[in-house]
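Listed below are the residues making up each chain.
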Amino acid sequence: DKYAEIVRVQIESDNSTETKKVKRSKRWGTGDAEITSIAINKKHKNNYIIEPLQKINIIFTIKSKKYIKSPVYGIVMRRKGESPIFVTNTILSKINTRDLADGDIGKVEICVENIFANGEYYLSPAIATYDGATIIDWRDDYVKITVINQDNTYAPINPRHLFKVT
């Protein structure tokens, strides 16, 4: 499928000479555009408290430093040191994006249902080329959110569900 193809292309890109020149740290990419800020539920800070049943509204601001054809925007959510538990981007969501001219400023908004168990989660927003093959700006663990939900479970997600015993 298309997502598997993007992941395969990204892995191949990670093994290319060009990508090896980019130092992977808390922030990496070509630098042709940058994620300049992030807000959760319209607040700007380093740690956010998400209450039970509260949606998680992620808004990040981007600024282009050169022309970029139809960039891909996305977000990864995970617990510290663990595999991602939520990943989305404009390709997966089948959203076409506008080209960016040098100096363009834009906002990306992603609204997520709070199905997460109690705990701390880290968000990593990213911008990539139109095909997702080259990272333009990746902000690893850019912001932390603390989820406080009604039900406490050891699993990382706790979707609303019905339970029936007969």
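Residues numbered from 1 in each chain as written. Predicted model: local features only at pLDDT ≥ 70, side-chain atom pairs only at ≥ 80, totals over all residues. Heavy atoms only, no water.

Chemist: Just checking my understanding: could you explain the side chain of aspartate 137 for this structure?
Modeler: Counting through the fold element by element, aspartate 137 comes out in strand E9 (residues 135-139). Relative accessible area serves as the criterion here: at 3%, aspartate 137 is assigned to the buried category. Among the polar contacts made by the side chain of aspartate 137, one reaches the side chain of arginine 27 at a distance of 2.8 Å. (Helix = DSSP H or I, 4+ residues; strand = E, 2+ residues; numbered from the N terminus. Buried < 20%, exposed > 50% of the residue type's maximum accessible area, 1.4 Å probe, protein only. Polar contact = N/O pair within 3.5 Å; in protein donor to acceptor, adjacent residues only side chain to side chain.)

Chemist: Help me understand the sheet that holds strand E4 (residues 56-64) in this model?
Modeler: Note: strands within a sheet are paired through backbone hydrogen bonds, in either parallel or antiparallel orientation. Read from one edge of the open sheet, three strands run E2-E4-E7, paired in antiparallel fashion. In the strand order of this sheet, the two ends are held by strand E2 (33-40) and strand E7 (105-112), each with one partner. Shown here is a sheet whose adjacent strand axes are inclined to one another by a mean of 20°, direction ignored. Pairing between E4 and E7: eight bridges, direction antiparallel. For isoleucine 62, the partnering residue across the bridge sits in E7 and is glycine 106. (Pairing = 2+ DSSP bridges. Axes fitted to C-alpha atoms, helices over the stretch in contact; angles between N-to-C directions.)

Chemist: Got a minute to help me understand the confidence of the model for the chain in this structure?
Modeler: Detailed reading of the predicted coordinates is not advisable wherever pLDDT falls low. Looking at the chain, the pLDDT average stands at 83 and 82% of residues meet or exceed 70. Every residue in residues 1-24 is under pLDDT 50, and counting partners more than four places away or in other chains gives 20 contacts. (pLDDT = per-residue confidence, 0-100. Contact = heavy atoms within 4.5 Å.)

Chemist: Where do I start with the packing of aromatic side chains in this structure?
Modeler: Aromatic ring pairs are described here by two measures, namely the spacing of the ring centres and the angle between the planes. Tallied over the entire structure, the rule returns two aromatic pairs. With centroids separated by 5.6 Å and ring planes inclined at 25°, the aromatic side chains of tryptophan 28 and tryptophan 138 adopt a geometry described as stacked. Remark: tryptophan 138 occurs in strand E9 and tryptophan 28 occurs in strand E1 (residues 27-28); sequence separation between them is 110 residues. The two residues tryptophan 28 and tryptophan 138 agree in class, both being buried. Considering the side-chain rings of phenylalanine 116 and tyrosine 121, the 5.6 Å spacing of their centres and the 55° angle between planes classify their relative orientation as tilted. Looking at tyrosine 121, the relative accessible area reads 0%, which means it is buried. The side chain of lysine 69 reaches across the aromatic face of tyrosine 130, ending 4.7 Å from its centre. Across from the ring centre of tyrosine 122, 4.9 Å away, lies the NZ or CZ of lysine 80, which sits over that ring. (Phe/Tyr/Trp six-rings, centres within 6.5 Å; stacked < 30°, edge-to-face > 60°. Lys NZ or Arg CZ within 6 Å of the ring centre and 35° of its normal.)

Chemist: What is the right way to read the pattern of salt bridges from this model?
Modeler: Two side chains bearing opposite charge may form a pair once their charged atoms approach each other closely. Under the criterion given, the structure shown has 10 salt bridges. Arginine 27 is paired through a salt bridge with aspartate 137; the nearest N and O atoms lie 2.8 Å apart. Note that arginine 27 is positioned in strand E1 and aspartate 137 in strand E9, a separation of 110 residues in sequence. Among the residues examined, arginine 27 registers a relative accessible area of 33% and is labelled partly exposed. Several salt bridges converge on common partners, so that one network encompasses Lys26, Arg78, Lys80 and Asp141. (Salt bridge = Lys/Arg side-chain N within 4 Å of Asp/Glu carboxyl O.)

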